[in-house]
Amino acid sequence: DIQMTQSPSSLSASVGDRVTITCRASQSISNYLNWYQQKPGKAPKLLIYAASSLQRGVPSRFSGSGSGTDFTLTISSLQPEDFATYYCQQSYSSPPTFGQGTKLEI
Amino acid sequence: DVQLVESGGGLVQTGGSLRLSCAASGFTFSDHYMDWVRQAPGKGLEWVGRTRDKADSYTAEYAASVKGRFTISRDDSKDSLYLQMNSLKTEDTAVYYCARVNNSGWYSRDYWGQGTLVTVSS
């Protein structure tokens, strides 16, 4: 199975900050990398697919980059509603695997 | 609008069985692979398994942790997905989500249900 490792596991930031979360795959996954946002008590929400494609309806302050084994999710200017947990997930091979999550706190 | 609504969760004793359902609407259900993903209390997301679509013979795959105990099925005539869970263990306690697999080729999970809680008690 492909292991996905996110860093950091938690992150404190302020409204207006630029934030970057990193995800590393244990082997090359091309750009089969997705990012999800999850708020407490809610289902995950797809933000980014194919490493850098913005899901319809997601604000443009979210962006993704990377290919191969190293990927990043960047939020250009944090808004109050962005405080949540973020997960990366590879869809290159089965089983699809998730990172352990990054909790973004105020 | 795409909607996925899970049901069937509840409290069950170890060794027991439970069947979860996921009712889909707002899209052509038969055209999509569908996943089950779970989240234990305070933990991260864990893929449980998937069913492919008719074009791929409805084949299913499972995580090693549930293989042989869980069975995923679907009824395209009812736009419904199912998860039959047998021989339940306390470590199966989690919120179970159904998720649509995007068929663009990138296999993201682009829509999720609200989840249903399964509690396995000894």
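See the structure shown above.
Please read these numbers as outputs of a predicted model, since none were measured by experiment.

1. Describing unusual backbone geometry
Here's step 1: Cis rather than trans, the peptide bond between Ser7 of chain A and Pro8 of chain A has omega equal to -5 degrees.
Here's step 2: Mapped onto the secondary structure, Pro8 of chain A falls in the loop between strand E1 (4–7) and strand E2 (10–12).
Here's step 3: With an omega dihedral of 5 degrees, the bond running from Ser94 of chain A to Pro95 of chain A counts as a cis peptide bond.
Here's step 4: Checked against the element boundaries, Pro95 of chain A lands in the loop between strand E9 (85–90) and strand E10 (97–98).
Here's step 5: One non-glycine residue, Ser30 of chain A, adopts positive backbone phi at about 50 degrees.
Here's step 6: Considering the arrangement of structural elements, one finds Ser30 of chain A in the loop between strand E3 (19–25) and strand E4 (33–38).
Here's step 7: Taking relative accessible area as the criterion, Ser30 of chain A reaches 32% and is therefore assigned partly exposed.
Here's step 8: Positive phi is not limited to glycine here, since Ser57 of chain B has a value of about 65 degrees.
Here's step 9: Along the chain, Ser57 of chain B turns up in the loop between strand E5 (45–51) and strand E6 (60–62).

2. Examining the pairing of strand E8 (residues 80–85) of chain B
Residue and element names in this part refer to chain B.
Here's step 1: The element E8 is extensively covered by neighbouring structure, given that five of its six residues are classed as buried.
Here's step 2: When strand E3 (residues 18–25) meets E8, the two strands line up antiparallel, connected through six bridges. Bridge assignment links Ala23 to a residue of E8, and that residue is Ser80.
Here's step 3: In terms of strand pairing, strand E7 (residues 70–75) meets E8 through six bridges, oriented antiparallel. Counterpart to Phe70 in the pairing with E8 is Met85.

3. Points about the nonpolar core
Here's step 1: Judged by nonpolar contacts, the single largest core of 35 residues is most densely connected at Trp36, Leu83, Met85 and Tyr96 of chain B.
Here's step 2: When residues of this core are traced back to their parent elements, those giving at least two are E3, strand E4 (34–39), E5, E7, E8, strand E9 (94–101) and strand E11 (116–121) of chain B.
Here's step 3: Tallying contributions element by element places E9 of chain B first for this core, with five residues.
Here's step 4: Core analysis: the second largest hydrophobic core is formed by 24 residues, Leu47, Val58, Cys88 and Leu104 of chain A among them.

4. Quick notes on the sheet that holds strand E7 (residues 62–67) of chain A
Strand pairs in the sheet, formed through backbone hydrogen bonds, run parallel or antiparallel to each other.
Residues and elements named next belong to chain A.
Here's step 1: On the basis of which strands lie adjacent, the open sheet formed by four strands has the order E1-E3-E8-E7 and antiparallel pairing. Two strands close off the open sheet at either side, each with one partner strand: E1 and E7. Neighbour to neighbour, the strand axes of the sheet diverge by 20 degrees on average, direction disregarded.
Here's step 2: Note: E1 against E3, four bridges, orientation antiparallel. Each bridged residue has a counterpart across the sheet, and for Thr5 the counterpart in E3 is Arg24.

5. What to know about the sheet that holds strand E1 (residues 3–7) of chain B
Residue and element names in this part refer to chain B.
Here's step 1: Strand order across the open sheet formed by four strands is E1-E3-E8-E7, with antiparallel pairing between neighbours. Two strands bound the open sheet, and with one partner strand each, they are E1 and E7. Here the strands of the sheet are splayed against their neighbours by 15 degrees on average, with no regard to which way each runs.

6. Quick notes on the side chain of Gln39 of chain B
Here's step 1: With respect to the helices and strands, the residue Gln39 of chain B is situated in strand E4.
Here's step 2: Assessed through its relative accessible area of 11%, Gln39 of chain B is described here as buried.
Here's step 3: At 2.8 Å, the side chain of Gln39 of chain B forms a polar contact with the side chain of Gln38 of chain A.
Here's step 4: A distance of 3.0 Å separates the side chain of Gln39 of chain B from the backbone oxygen of Lys43 of chain B, its partner in a polar contact.
Here's step 5: The residues contacting Gln39 of chain B, other than those within four sequence positions of it, are Gln38 and Tyr87 of chain A together with Gly44, Leu45, Ala94, Val95 and Tyr97 of chain B.

Parameters at a glance
Residues numbered from 1 in each chain as written. Chains lettered and ligands numbered in written order. Predicted model: local features only at pLDDT ≥ 70, side-chain atom pairs only at ≥ 80, totals over all residues. Heavy atoms only, no water. Helix = DSSP H or I, 4+ residues; strand = E, 2+ residues; numbered from the N terminus. Buried < 20%, exposed > 50% of the residue type's maximum accessible area, 1.4 Å probe, protein only. Pairing = 2+ DSSP bridges. Core = buried A, V, L, I, M, F, W, Y, C linked by side-chain atoms within 4.5 Å. Axes fitted to C-alpha atoms, helices over the stretch in contact; angles between N-to-C directions. Polar contact = N/O pair within 3.5 Å; in protein donor to acceptor, adjacent residues only side chain to side chain. Contact = heavy atoms within 4.5 Å.

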